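Residues per chain, in single letters:
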Amino acid sequence: MRDDRRYHRPLPCPNGRHRLAGGWVRFSKVEILRRGQPPRISDAIPDDVLETLTRPRATLVGLAMDRPHLMGIVNATPDSFSDGGAYDPVIQARALAAEGAAILDIGGESTRPGATSVPAADEAARILPAIRALADRIPISVDTRKASVAQAALQAGAVIVNDVSGFDFDPALPGVVAAAGVPVCLMHAQGLPETMQHDPRYDDVLLDVYDALEARMARAVSAGIPAHRIVIDPGIGFGKTQAHNLAILRRISLYHGLGCPVLLGVSRKRFIGTIGGGAGAAERGPGTLALTLAAVAQGIQIHRVHDVAGTDQGLRLWRALDQNEKAEE
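Conventions and cut-offs
- Residues numbered from 1 in each chain as written.
- Predicted model: local features only at pLDDT ≥ 70, side-chain atom pairs only at ≥ 80, totals over all residues.
- Heavy atoms only, no water.
- Helix = DSSP H or I, 4+ residues; strand = E, 2+ residues; numbered from the N terminus.
- Pairing = 2+ DSSP bridges.
- Buried < 20%, exposed > 50% of the residue type's maximum accessible area, 1.4 Å probe, protein only.
- Right-handed = clockwise from strand over helix to strand, strands pointing away.
- Axes fitted to C-alpha atoms, helices over the stretch in contact; angles between N-to-C directions.
- Parallel < 35°, antiparallel > 145°, perpendicular 65-115°, else oblique.
- Left-handed = near helix turned anticlockwise from the far one by under 90°.
- Contact = heavy atoms within 4.5 Å.

> Give a detailed account of the environment of Ala 44, specifying residues and quantitative values.
By the element assignment, Ala 44 lies in the loop between β4 (40-42) and α1 (47-54). Sequence-wise, Ala 44 and Lys 29 are 15 residues apart; in three dimensions their C-alpha atoms are separated by 7.5 Å.

So this is what it looks like as structure tokens:
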């Protein structure tokens, strides 16, 4: 890590000269960030940086990344923070698919703060029925840190691996992903779920997470996973305080500089209730939608949510306004 390194965050602008990641957001200027220095805005963008920021992202399991997509959350667990044990996973998966999810993310191990690891056999047994039931209808992502669980899920029909540890937990998982030839989402987390919220600290959370994700991507590529099959997730709430979460969300367009699609998972997180009200997780839908639309305005392509129908409604209204604006130009 170099203290003099410059990071370039594209600044969304309706009439900007450049298209961000080949998508719906335009920009002309970048915010230049350096450790220990105040931000600086410039329209002088290095050629290599501009190429990375504007290059269209590869299609992901048949989904073009030039528009935002919803990933519906299916927790096949008894203890997830929001809805553990509240539904039959197969029924919930079918419902979210019908509500407009583009991808289903099915997990059998809670990674909420304080959660402990689940034996791989138990985790796989929880998720396989839902994967088998829906794999022929909608792309399935398996939410797991474990190679054996990922292998079983892929054999059952899953087509994406979503690892909240970013390949830090199981050294065998990169090989499984590479051999299967499937996309992977690499998330940033500081520490394990058991302890990650015990006083997390960063020198500069925005840039520290960027550097950590960049290192995870390099490790994945060295394991034989092509860069165009990688999605990154800054890991809101995973080893981060409320202040850390907000700092990332304010400038989340920075992560387009990594050159791949960005996934955001803020749905029903505790800080939404702390700031906006909503003691129960199910009461945090409006706050989740507000943060989702703010991230869409910064070009974030994939949004992992519990409430697919409500979020889809919000996106439909956003699209209608966006299309009307373009028609008037």
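> Requested: an account of the sheet that holds strand β10 (residues 230-233), with residues and values cited.
Strand pairing in a sheet takes place through backbone hydrogen bonds and is either antiparallel or parallel in direction. Strand order in the open sheet formed by 8 strands is β10-β9-β8-β7-β6-β5-β12-β11, and the pairing between neighbours is parallel. At either margin of the open sheet sits one strand with a lone partner, and together these are β10 and β11 (263-264).

> Could you give me a rundown of the pairing of strand β8 (residues 160-163), with the residues and numbers involved?
Along β8, one buried face is formed by Ile 160 and Asn 162 and the opposite face, lined by Val 161 and Asp 163, is buried too. In this structure, strand β7 (residues 140-143) lies alongside β8, joined through 3 bridges in parallel fashion. Each bridged residue has a counterpart across the sheet, and for Asp 143 the counterpart in β8 is Asn 162. A crossover connection joins β8 to the parallel strand β9 (residues 184-187) through helix α5 (residues 173-180); in handedness this β-α-β unit is right-handed.

> Now, about the packing of helix α4 (residues 147-156) against α5: what can you tell me, with residues and values included?
Running from amino to carboxyl end, α4 crosses α5 at an angle of 20 degrees, the nearest separation of the two axes being 8 Å. By the angle between their axes, α4 is roughly parallel relative to α5. Where α4 crosses over α5, the handedness of that crossing is right-handed. Contact residues: Ala 147, Ala 150, Gln 151 and Leu 154 in α4; Leu 173, Val 176 and Ala 180 in α5.

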